[in-house]
Amino acid sequence: MHVLILIDQFAAGGLETHLLGKVDALRRLGVRVTCMGARLSDMAPPDFQRLDLAKDIPASRFLAEVARLTAFCQTEQVTHIHCHCPFVGVLGACVSVRCNIPYFLTIHGMFQAARKVNQTLGLLISKMVFPCAAAVYPVSSAARDCIVATHGVPQQDQTVMMNVVGNWQRSPPAPPGHGKWAFVARHEKEHVDALRHLVAAMPSLPISSLHVFGDGAESERARAMTADNPAVEFHGFVENISERLAEFDGIACHGERVFLETMAAGRPCLICHRDGVIGLSSPSLIERTRFSNFTGEGQSNISIQTLQRDWERLIGQDNIRACQDRLRPDHDVDLIWARYVKTALRGHLPPKDRSSLEVALAAAHKLDDGNLIFCRPDFLGHMKDTLPPDSQMVSALNDTGFVLMRSEITTLRRKLRVLRRTSLPAN
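About the criteria used
- Residues numbered from 1 in each chain as written.
- Predicted model: local features only at pLDDT ≥ 70, side-chain atom pairs only at ≥ 80, totals over all residues.
- Heavy atoms only, no water.
- Salt bridge = Lys/Arg side-chain N within 4 Å of Asp/Glu carboxyl O.
- Helix = DSSP H or I, 4+ residues; strand = E, 2+ residues; numbered from the N terminus.
- Buried < 20%, exposed > 50% of the residue type's maximum accessible area, 1.4 Å probe, protein only.
- Axes fitted to C-alpha atoms, helices over the stretch in contact; angles between N-to-C directions.
- Parallel < 35°, antiparallel > 145°, perpendicular 65-115°, else oblique.
- Left-handed = near helix turned anticlockwise from the far one by under 90°.
- Contact = heavy atoms within 4.5 Å.
- Nonpolar A, V, L, I, M, F, W, Y, C, P; charged D, E, K, R; others polar.

**A look at the pattern of salt bridges**
Right, so step 1: Per the counting criterion, the structure on display carries 25 salt bridges.
Right, so step 2: Ionic pairing is found between arginine 28 and aspartate 24, a salt bridge with its closest N-O pair at 3.1 Å. Taken together, the positions of arginine 28 and aspartate 24, both in helix α1 (residues 14–28) and 4 residues apart, correspond to about one turn of that helix.
Right, so step 3: A salt bridge links glutamate 287 to arginine 326; the nearest nitrogen and oxygen atoms lie 2.5 Å apart. Of this pair, glutamate 287 sits in helix α10 (residues 283–289) while arginine 326 is found in helix α12 (residues 317–331), placing the two residues 39 residues apart along the sequence.
Right, so step 4: In this structure glutamate 287 comes out as partly exposed when scored by relative accessible area, which is 40%.
Right, so step 5: When salt bridges with common partners are traced through the structure, they connect Lys189, Asp193, Arg196, Glu218 and Arg221 into a single cluster.

Next comes the structure, spelled out in structure tokens:
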């Protein structure tokens, strides 16, 4: 077996850590893996190959990339394509049709599940990429329900595959014992808001120092809001942070993958949310937060008094082992990827009707050189001409074309108002 994995970008976060763990596990199981990405940072492994793909790509370049990957899949005997973003799913789906091999789609959170991008690309994702996938894997039940609402994919056609981690420590090294904690998260707005609530609670908790790991667009705000607090120290992005978690008495985070890595390391984890502190790791907290990938979304904040009362009990090893027993069957890297190989790669998945992707490829070939395939209504027009008049896709194209036309009219009216204001004589 040979799996081609396609991603949009490789930066520094949970998606990338998930991907590296998946590649390592599949290779240990004897599966050949090739990874390609559209936007690869310096942190991407050297064997990752670059895709020629962007949201403003001309039709000729997109078709050339489809042809290049088709030739690669045929020459290298690729048996499956797995896309880790709906956008690259458009490319992966078209290549899978050309090669007559299945493709899978993993959705890594609510942002990927909900976004429509623009009208043309949104139509392709909702009406082609999702319905034609041999399997759709959201990473949480919340993302699954969002896919149902946004793209119309029934729950029974999705398989929730939550984050997985390895190296579960039943007898971790003793903690430092001096109230040394870490906050680990990508520095996005909601994560930095969570950090703000944690720092505000620190004087009431047995946390003497807080070491902040991560990077992102909100890093400057995070540093500015804690600049006068000597107990908070920033370390930036650190590779393989999971290997350093045992250096601390506990880890605070926004949930998601870091929560699992903390549990695997045998340390207590404090989930913080943009609205407050959710609580310390426990079997009951796991049940309440697993729907939203352990982010605490939709959960009530815990009072400082309650947190103080339960602190000693919840940071103890008995509670941590109970959490590990609850989590490991669904989140152990070796167990889950072995199950993936058995059910998805070796399994006999039901065939999907992928005629709509054939139509999309035919329509793309009709575009003039230089037309932006994901931004022009010409593409939708060519698709409409290729389909039977009573097709459901024609109805969707009519709706999309109307929205595009309405959007263009609104833009013209706005420009006209600006011109009128700027051309008025001065008083």
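Next comes the rest of the write-up.
**Describing the packing of helix α9 (residues 256–264) against α12**
Right, so step 1: The contact between α9 and α12 brings their axes to 10 Å, and the two run at 120 degrees. Classified by the angle between their axes, α9 and α12 sit oblique to one another. In this structure, the crossing between α9 and α12 has a hand that is left-handed. Contacts between α9 and α12 involve Phe259, Leu260, Met263 and Ala264 from the first element and Cys323, Gln324, Leu327 and His331 from the second.
Right, so step 2: Of the residues belonging to the contact of α9 with α12, the class tally is 6 nonpolar, 2 polar and no charged.

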